[in-house]
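Fold and contact review
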Amino acid sequence: MAKAIYDNIQEEVLALKRERRAVLVAHNYQIGEIQEAADFVGDSLNLARWARKSDAEVVVFCGVHFMAETASILSPEKKILVPDLEAGCSLADMIRPEDVRRWKIEHPRGVVVAYVNTSAVVKAEADYCCTSANAEKVVRAIPEDREIFFIPDFYLGSYVKAKTGRENLYLWRGYCPSHVLIQTEEIRRLRSEHPRAEFIMHPECGCLTKSIQFADQVLSTEGMIRYAKESPSEEFIVATETGVLYRMRKDNPSKRFYPASEQAHCNYMKMNTLEKVVESLENLQYEVRVPKEIAERALQPIERMIAIS
Ligand code: 13P
């Protein structure tokens, strides 16, 4: 049978989604064309909530690997596809299950809080999961006398430790290589160039511990997008991966957004393209499935997080 001809790739994706009865979901850091083609765009917490509720049978997940794993853990009956299996997360790769097990042996009453940017095998060792949107709330829900091991993001963990004043919170020294490129000196320069701009930052930023004193808001990607819409300010300095600027600019055409660093670019997030989405829908590739025993254990910390937030 002759292959259908489409005027553009967006139309082709739309037709294939219908044919496959599939939905496309995307993280806020995805390229604009993917966000346009997506049925749902959000931060890690909303993507997890969405995966829980949706009745779609086939999901093309445009983000990075741990996000697709989380969706598969929450909805094992769905076929979760990723356009590129190589799209991983350097931060998630900075901790292994044996690192967590070692801490638990040394702290038998301790509680492990795993940022969602962890692999399924690491989540399987954790007690609670969290995202940037609810990390503080999750930590506050844990009894004061219990020691906490916060993994793997040092900066998000430091932020939560400062906000909660929790002395018995131990940090793993992982970091996001894109967020670590955002420098305090650059933020200072941008603030003096744009004195009326509000400065909004993601808690994964490597300069968080130094720049927090002048941050107007510390928010998840979705929180930033919402804040930019609701705030009466006309200008914003945005400290996170640059993909988030797409929706901010689209939602607020008259406002101005300055990236805190043009270099804060996640090569993994940008591995997904519409061409790969087409291939993914045509060939139903590449399926992400978490082994049942791991998925059952990893589900518990994710469920606890969703219940708290
Ligand atoms: P958000 O949950 O704020 O979208 O952040 C996700 C992420 O992976 C940041 O690196």
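Here's what I pulled together on the structure shown here. The model shown is predicted, which means the values in this text are computed figures rather than measured ones.

Viewed as axis vectors pointing N to C, helix 4 (residues 65-74) and helix 14 (residues 292-308) meet at an angle of 95 degrees, and their least axial separation amounts to 9 Å. With respect to each other, helix 4 and helix 14 are oriented roughly perpendicular. Between helix 4 and helix 14, the contacting residues are Thr-70, Ile-73 and Leu-74 on the first element and Ala-295, Ala-298, Leu-299, Ile-302 and Ile-306 on the second. Across the contact of helix 4 with helix 14, the residue classes tally to seven nonpolar, one polar and no charged.

What follows is about the site of the ligand. Lining the immediate surroundings of the ligand are His-27, Tyr-29, Asp-43, Ser-44, Met-67, Asn-117, Ser-132, His-179, His-202, Glu-204, Ser-220 and Thr-221. Separating an oxygen atom of the ligand from a side-chain N or O atom of His-27 is a distance of 2.7 Å. Between the ligand and the protein, one listed contact pairs an oxygen atom with a side-chain N or O atom of Ser-132 at 2.7 Å. Across the complex, the protein chains shield 96% of the 300 Å² of accessible surface that the ligand would expose by itself. Considering only residue class, the shell around the ligand consists of two nonpolar, eight polar and two charged.

Two elements, strand 11 (residues 235-239) and strand 12 (residues 256-259), share four bridges in a ladder whose sense is parallel. Bridge assignment links Glu-235 to a residue of strand 12, and that residue is Arg-256. Since strand 11 and strand 12 lie parallel, the crossover through helix 12 (residues 245-251) that links them has a hand, and here it is right-handed.

This part is about the pattern of salt bridges. Per the stated rule, a full pass over the model turns up 21 salt bridges. The salt bridge partner of Glu-287 is Lys-79, with a shortest N-O separation of 3.1 Å. Taken together, the positions of Glu-287 in the loop between helix 13 (274-283) and helix 14 and Lys-79 in strand 4 (residues 79-81) put the pair 208 residues apart, joining distant regions of the chain. What makes Glu-287 partly exposed here is its relative accessible area of 31%. With a relative accessible area of 28%, Lys-79 lands in the partly exposed category. One salt-bridge network, held together by shared partners, links Arg-101, Lys-104, Glu-125, Glu-293 and Arg-297.

This paragraph deals with the sheet that holds strand 7 (residues 148-151). Remark on secondary structure: sheet strands pair via backbone hydrogen bonds, oriented parallel or antiparallel. The strand order across the open sheet formed by four strands is 6-5-7-8, and the pairing between neighbours is parallel. Only two strands of the sheet have a single partner each, and these edge strands are strand 6 (128-130) and strand 8 (169-171). Across this sheet, the average inter-strand angle for adjacent strands is 25 degrees, counted without regard to direction. Note that strand 5 (residues 111-115) and strand 6 share three bridges and pair parallel. By the bridge assignment, Tyr-115 is partnered in strand 6 with Cys-130.

How each quantity is defined
- Residues numbered from 1 in each chain as written.
- Predicted model: local features only at pLDDT ≥ 70, side-chain atom pairs only at ≥ 80, totals over all residues.
- Heavy atoms only, no water.
- Axes fitted to C-alpha atoms, helices over the stretch in contact; angles between N-to-C directions.
- Helix = DSSP H or I, 4+ residues; strand = E, 2+ residues; numbered from the N terminus.
- Parallel < 35°, antiparallel > 145°, perpendicular 65-115°, else oblique.
- Contact = heavy atoms within 4.5 Å.
- Nonpolar A, V, L, I, M, F, W, Y, C, P; charged D, E, K, R; others polar.
- Near = heavy atom within 4 Å.
- Polar contact = N/O pair within 3.5 Å; in protein donor to acceptor, adjacent residues only side chain to side chain.
- Areas by Shrake-Rupley, 256 points an atom, 1.4 Å probe, with all protein chains shown as cover.
- Pairing = 2+ DSSP bridges.
- Right-handed = clockwise from strand over helix to strand, strands pointing away.
- Salt bridge = Lys/Arg side-chain N within 4 Å of Asp/Glu carboxyl O.
- Buried < 20%, exposed > 50% of the residue type's maximum accessible area, 1.4 Å probe, protein only.

Geometric values such as these leave the question of function open.
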